[in-house]
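# Geometric and topological summary
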Amino acid sequence: MKIIYLLFFLLLSLNIYAGTIQIEFTADDSYSVEVAKIDVGDTIEWLPKNEGHNVEFLGGPDLNSLPKKSDLNAFYSVTFNLPGIYLYHCTPHGNMGMLGLIVVGNDFHNLEDIEGIELSHLAKSVLERFIRIAKSNS
Ligand SMILES: [Cu+2]
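Right, let's walk through the structure included here. (Residues numbered from 1 in each chain as written. Predicted model: local features only at pLDDT ≥ 70, side-chain atom pairs only at ≥ 80, totals over all residues.)

Here we take up the nonpolar core. L87, L99, L101, I102 and L127 are the most contacted members of the largest nonpolar core, which totals 25 residues. Each residue touching L127, except ones within four places of it in the same chain, is listed here: L87, L99 and L119. (Core = buried A, V, L, I, M, F, W, Y, C linked by C-beta atoms within 7 Å. Buried ≥ 20, exposed ≤ 12 C-beta atoms within 10 Å, placed from the backbone. Contact = placed C-beta atoms within 7 Å.)

So, about the environment of E51. Examined against the element boundaries, E51 turns out to sit in the loop between β3 (43-47) and β4 (56-59). The spacing of E51 and A27 is 24 residues in sequence and 8.1 Å in space, taken between C-alpha atoms. (Helix = DSSP H or I, 4+ residues; strand = E, 2+ residues; numbered from the N terminus.)

Now for helix α3 (residues 121-136). When the terminal C-alpha atoms of α3 are compared, their 23 Å separation across 16 residues agrees well with the 22 Å that a helix rising 1.5 Å per residue should span. Among the residues making up α3, those that are buried are A123, V126, L127, F130 and A134. Mapping the buried residues of α3 onto a view down its axis gives an arc of 100°, with all of them on the same face. Turned more than 90 degrees away from the buried face of α3 sit H121, S125, E128, R132, K135 and S136, all of them exposed. In this fold, the buried residues of α3 make contact with β2 (35-38), β6 (84-89) and β7 (99-104). (Expected span 1.5 Å × (residues − 1). Arc of directions from axis to C-beta.)

Here's what the structure looks like:
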């Protein structure tokens with residue numbers, strides 16, 4: 001029984017270190033943080049500082065449980081408990097390169113899946129740039 005309490009408190013104390021980062025929708029149709037590297041259990045909050053944008057996930061480590069699409073102009077918050085790479089875009093502006101990449105737990109195991117996502121020519125080159133950035137400080 002003691003072991004269970006110990007584990008419980010260990011998990012509780014680990015969670016204290018979980019962080020939150022905030023990403024704004026900018027006036028020039030982009031996300032203020034385009035490549036986010038976070039730890040497992042961290043939360044990202046998207047702040048609708050400019051109108052006409054949202055967050056729609058295109059890929060991640062578990063395609064069956066991607067975060068749902070957010071509403072336009074709405075605050076959005078997701079906690080990432082599964083390591084791997086996540087790609088999202090803005091539904092109206094994704095083809096124009098309004099994309100964001102998240103690497104959870106410095107885990108690149110699903111990189112090939114992310115690279116295989118069908119995107120516009122422009123979005124593809126943006127994604128390639130993001131992946132270079134993500135790898136360069138891994
Ligand atoms: Cu947008």
